[in-house]
Amino acid sequence: MLGQYLENVRKNSPLVHNITNYVTVNDVANILLACGASPIMSDEPEDVEDITSICGGLNINIGTLNQRSIKGMYRAGRKANELGRVVLLDPVGVGASTLRTNTAIGLMNEIKFTAIRGNISEIKTLANGEGITSGVDVNLLDAVTEDILDETVSFAKRLAEDIASIIIVTGAIDLVADKDKCFVIRNGCFDMSKVTGTGCQLSGMITAFIVANPDSQLDAAAAAVCAMGLAGEIGLSRMQEGEGNSTYRNRIIDAIYNMDRKTLDMGAKYETR
Amino acid sequence: MLGQYLENVRKNSPLVHNITNYVTVNDVANILLACGASPIMSDEPEDVEDITSICGGLNINIGTLNQRSIKGMYRAGRKANELGRVVLLDPVGVGASTLRTNTAIGLMNEIKFTAIRGNISEIKTLANGEGITSGVDVNLLDAVTEDILDETVSFAKRLAEDIASIIIVTGAIDLVADKDKCFVIRNGCFDMSKVTGTGCQLSGMITAFIVANPDSQLDAAAAAVCAMGLAGEIGLSRMQEGEGNSTYRNRIIDAIYNMDRKTLDMGAKYETR
Amino acid sequence: MLGQYLENVRKNSPLVHNITNYVTVNDVANILLACGASPIMSDEPEDVEDITSICGGLNINIGTLNQRSIKGMYRAGRKANELGRVVLLDPVGVGASTLRTNTAIGLMNEIKFTAIRGNISEIKTLANGEGITSGVDVNLLDAVTEDILDETVSFAKRLAEDIASIIIVTGAIDLVADKDKCFVIRNGCFDMSKVTGTGCQLSGMITAFIVANPDSQLDAAAAAVCAMGLAGEIGLSRMQEGEGNSTYRNRIIDAIYNMDRKTLDMGAKYETR
């Protein structure tokens, strides 16, 4: 049952260093606080090594990357590797620009990531950079549906094996895979895509969950994904007439704040393959 | 009727590239999602051309400009012009510093803007940079009131003609002008000025509305202005005892999220001159 | 009674220049608007002197400092000193990295701060940089409790005297001290620590309160601290089932928006020593 991994976040209060975009950074900070973790943000190259050193994990998000913050990502990532810290990559918009693609691939070449989270399009771009063909129909790239679930699961496991990272593919169906096992998660709802930054928030949470559960990294990552999706469902169920995506953003974070072990145990919808 | 232009945003889901300030960027992203558009943010000079190339429009806001992002504004703006994309300028704080004034004027000299949105003080500063005198009493610069409406309408039309852009002057009364026609809009309410970034949010929406309605740019811009003001009214009507500007921020974006063609058609308050 | 100092903020609408972190900047802007002040954000070295010149006060927060914004802090701070403006330092994370420590100490060496606000750990780091020993048990650094209240009050007064600044130490108990007098404030609640940026917001408000009350700087700073804590209490009292830290953030700012002189007079809980 996955609820224990949330409980461990609340018990251990992991400190998470975030190099993340300025669009959604406030929500990332608040959702980390909501799940029991503590956020620190720093992207200045001269600052990041010290900050990473005092943190349990590092969350790198390339959403509004710039030449300075890219240097910060490399320096923080190398330091985190040196110290054996958890490091997550959220390759926002990889494939949409040369700089984003080169940065994400470059980071993967130099830094060992504990986990990588993106949508299927982003993850496939990374895999192509690694020379891995997905077997996933390019035309269906925007969504993981039942039709292509088997091949996407295989793809995620192969990529996880090749780069020795946990691979998290989020969308209508979410996948959390290592080389041997893949969680297929059916929490969440469409409306979450109308709130900016639910993916960024999830990446922060996954980092915290893995830090707080060092002996169960894959399950902990799956727990974070289920928790986020479940928070989306709970938040939606509490929406009142006239409310929209801005209030929904608050309700999602609020649902994480109030989520306990039992709620997650009962609400998590997943199978493993 | 203006509701159709909102409907077209929801149908066409235009992708909007925003180079905008880090104060209000999250709200800009969420209001773009609320109206049916999709936001991307990028201000790194090496990244912006690729991002602008995949977007329908570019929203340049100089609110927290820096030397790097200014380079990004020029490069993105030139690329957008080259590709015939919609480009909007929001000259936040122009006139308050030499750098802001020089940047806004410099951008106007090099880049053809589809639309420019600011308050009367900002727009007048731009016009002076263009050598256009406004005829508007300098002492009344902070507000467009009934007393100076005629001369302000004339000024907006003249500026629109001179620089071949749609001119949007927002305040107690909003103006949306090209050289021939000026929408005089009386939606909105004072309380919106107590929420940071309602202007920035509007600039994002205007960009999306113009992109989604290429054959009716002026009317589409007016529709966005009416929609924002109407959202302010709807949000205000939903405020409960003890709520203030932070909740109001959510209620405004929520109102856009729930606004349909008919609501906008019925709620828009404007005349044309 | 402290309510008058809030009333003066609403009357005088001070313009506050913020060089602050991108995590909580939107909330800082909204809480400044909520208390009656006006925010401007700018951190570009070429822009900050002009912006500071038109503002009544400058709020420097090192939360996501970078080499560029550090230059901006120095230039803005020097200009503010030259013009006799109020300047506040919020040394976020000082002690957590060499860059943060060097920046905060360096700023204190070059710039005369009207006020400095931090938690006890941050303030002690600054004091050590000044060669002042606190007398506060290092092991108790994370909190100001009744046990160490007397010695912490003495420490705050000594530091205030040494650097001729108002010293504001926030935590479970808040202290606002100059060399002669220390407000010991018992407003606020634990849940505020689960909302990112309540400290940053308070620093913005303190700056505004001091600007609006030039002849009562210490009392005005204490009024801002009481107002923030009281807003936390009012916000908490309005929380409904299922709500969490994200909604709480809104309720705190909303409570400032609705706070009047009488509410603050009646709700402020403090003694002076």
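Described in the following lines is the structure provided in the data block. Everything numeric here is computed off the predicted structure, so don't read it as measured data. (Residues numbered from 1 in each chain as written. Chains lettered and ligands numbered in written order. Predicted model: local features only at pLDDT ≥ 70, side-chain atom pairs only at ≥ 80, totals over all residues.)

**Structural notes on the interface of chain C and chain A**
Item 1. In this complex, chain C contributes 25 residues to the contact, which on the side of chain A involves 25 residues.
Item 2. Sorting the residues of the side of chain C that touches chain A by element identifies α5 (98-110) and α10 (245-258) of chain C as the ones contributing at least two each. (Contact = placed C-beta atoms within 7 Å. Helix = DSSP H or I, 4+ residues; strand = E, 2+ residues; numbered from the N terminus.)

**A few points about the pairing of strand β7 (residues 174-177) of chain A**
Residues and elements named next belong to chain A.
Item 1. Burial along β7 is two-sided: the face carrying Asp174 and Val176 and the face carrying Leu175 and Ala177 are both buried.
Item 2. Here three bridges tie strand β6 (residues 166-169) to β7, and the two strands are oriented antiparallel to one another. Paired with isoleucine 168 across the strands is valine 176, a residue of β7.
Item 3. Taken together, β6 and the strand that follows it, β7, pair antiparallel across an intervening segment of four residues.
Item 4. Here β7 runs beside strand β8 (residues 182-185); their pairing, made up of four bridges, is antiparallel. In the strand pairing of β8, valine 176 is matched with phenylalanine 183.
Item 5. Between β7 and β8, which follow one another and run antiparallel, lie four residues. (Buried ≥ 20, exposed ≤ 12 C-beta atoms within 10 Å, placed from the backbone. Pairing = 2+ DSSP bridges.)

**Some points on the interface of chain A and chain B**
Item 1. Across the contact, 25 residues belong to chain A and 25 residues belong to chain B.
Item 2. Listed by contribution, the elements that provide at least two residues to the side of chain A that touches chain B are α5 (98-110) and α10 (245-258) of chain A.
Item 3. Looking at the side of chain A that touches chain B residue by residue, the classes come out as six nonpolar, 15 polar and four charged. (Nonpolar A, V, L, I, M, F, W, Y, C, P; charged D, E, K, R; others polar.)

**Looking at the sheet that holds strand β4 (residues 86-90) of chain C**
All names here are of chain C.
Item 1. Read from one edge of the open sheet, nine strands run β2-β1-β3-β4-β5-β6-β7-β8-β9, paired in mixed fashion. If you trace the sheet from one side to the other, it starts and ends with β2 (38-41) and β9 (270-272), each paired once. Shown here is a sheet whose adjacent strand axes are inclined to one another by a mean of 20 degrees, direction ignored.
Item 2. As defined by bridge partners, β4 adjoins strand β5 (residues 115-118) across two bridges and the pair is classed as parallel. The residue of β5 that forms the bridge with leucine 89 is isoleucine 116.
Item 3. Strands in contact with helix α2 (residues 25-34) are β1 (15-19) and β2; relative to β2, the strand with the most contacts, it is inclined by about 150 degrees. (Axes fitted to C-alpha atoms, helices over the stretch in contact; angles between N-to-C directions.)

**Points about the nonpolar core**
Most often, soluble globular proteins have nonpolar side chains that are buried together.
Item 1. In terms of nonpolar packing, the biggest core is built from 292 residues, with Ala221 of chain A, Ala221 of chain B together with Ala221 of chain C touching the most fellow members.
Item 2. What alanine 221 of chain C contacts, discounting residues up to four positions off in sequence, is Ala115, Ile166, Ile168, Val176, Ile206, Phe209 and Ile210 of chain C. (Core = buried A, V, L, I, M, F, W, Y, C linked by C-beta atoms within 7 Å.)

**Re the relation of the copies chain A and chain B**
Item 1. Mapping chain A onto chain B is achieved by rotating through 120 degrees and translating by 0.0 Å along the same axis, at an RMSD of 0.0 Å. With respect to symmetry, the two chain copies, as superposed, fit the operation of a three-fold axis. Across chain A, the rotation axis passes nearest the C-alpha of tyrosine 22 of chain A, at a separation of 3.6 Å.
Item 2. The fraction of interface residues of chain A whose copies in chain B are also interface residues is only 12%, indicating that the copies meet through different surfaces. (Least-squares fit on C-alpha atoms with pLDDT ≥ 70 in both.)

**Topic: unusual backbone geometry**
Leaving glycine aside, a negative phi is the common case for residues, and trans is the common case for peptide bonds.
All names here are of chain B.
Item 1. The phi dihedral of serine 13 is positive, around 40 degrees, even though this residue is not glycine.
Item 2. Inspection of the secondary structure puts serine 13 in the loop between α1 (3-12) and β1 (15-19).
Item 3. Backbone geometry at alanine 164 places phi at a positive 55 degrees, although glycine is not the residue there.
Item 4. One can find alanine 164 in the loop between α7 (149-163) and β6 (166-169).
Item 5. Judged by the 11 C-beta atoms lying within 10 Å of it, alanine 164 is exposed.

**As for the packing of helix α2 (residues 25-34) of chain A against α10 of chain A**
How two helices pack is summed up by the angle between their axes together with the distance between the axes.
All names here are of chain A.
Item 1. Relative to each other, α2 and α10 sit at 25 degrees, their axes nearing to 8 Å. As the angle between them shows, α2 and α10 are arranged roughly parallel. In the crossing of α2 with α10, the sense of the turn from one axis to the other is right-handed. Side by side, α2 and α10 meet where Asp27, Asn30, Ile31 and Ala34 of the first sit next to Arg249, Ile253, Ile256 and Tyr257 of the second.
Item 2. Residues of the contact of α2 with α10, tallied by class, amount to five nonpolar, one polar and two charged. (Parallel < 35°, antiparallel > 145°, perpendicular 65-115°, else oblique. Left-handed = near helix turned anticlockwise from the far one by under 90°.)

**Details of the sheet that holds strand β8 (residues 182-185) of chain B**
Residue and element names in this part refer to chain B.
Item 1. Spatially, β2-β1-β3-β4-β5-β6-β7-β8-β9 is the arrangement adopted by the nine strands of the open sheet, whose pairing is mixed. Strands with a single pairing partner mark the edges of an open sheet, and in this sheet they are β2 (38-41) and β9 (270-272). Adjacent strand axes in the sheet meet at a mean angle of 20 degrees when their direction is disregarded.
Item 2. Of the pairings in the sheet, the one linking β1 to strand β3 (residues 57-61) comprises four bridges and is parallel in character. Along β3, the bridge assignment pairs isoleucine 19 with isoleucine 60.

**Notes on the relation of the copies chain C and chain A**
The operation relating the two chain copies consists of a rotation about an axis and a shift along that axis.
Item 1. When chain C is fitted to chain A, the residual RMSD is 0.0 Å, and the transformation amounts to a turn of 120 degrees plus an axial shift of 0.0 Å.
Item 2. The two copies present different faces, since only 12% of the interface residues in chain C are matched by interface residues at the equivalent positions in chain A.

**Considerations on α7 of chain B**
Residue and element names in this part refer to chain B.
Item 1. Taking 1.5 Å per residue, 15 residues should reach 21 Å; α7 reaches 21 Å between its end C-alpha atoms and fits that length.
Item 2. Along α7, the positions that sit buried rather than exposed are Thr152, Val153, Phe155, Ala156, Leu159 and Ala160. For α7, the buried positions fall inside an angular range of 160 degrees around the axis, keeping them on one side.
Item 3. Of the surrounding elements, those touching the buried residues of α7 are α6 (120-129), β6, β7 (174-177) and β8.
Item 4. At the C-terminal side of α7, alanine 164 shows a positive phi close to 55 degrees. (Expected span 1.5 Å × (residues − 1). Arc of directions from axis to C-beta.)

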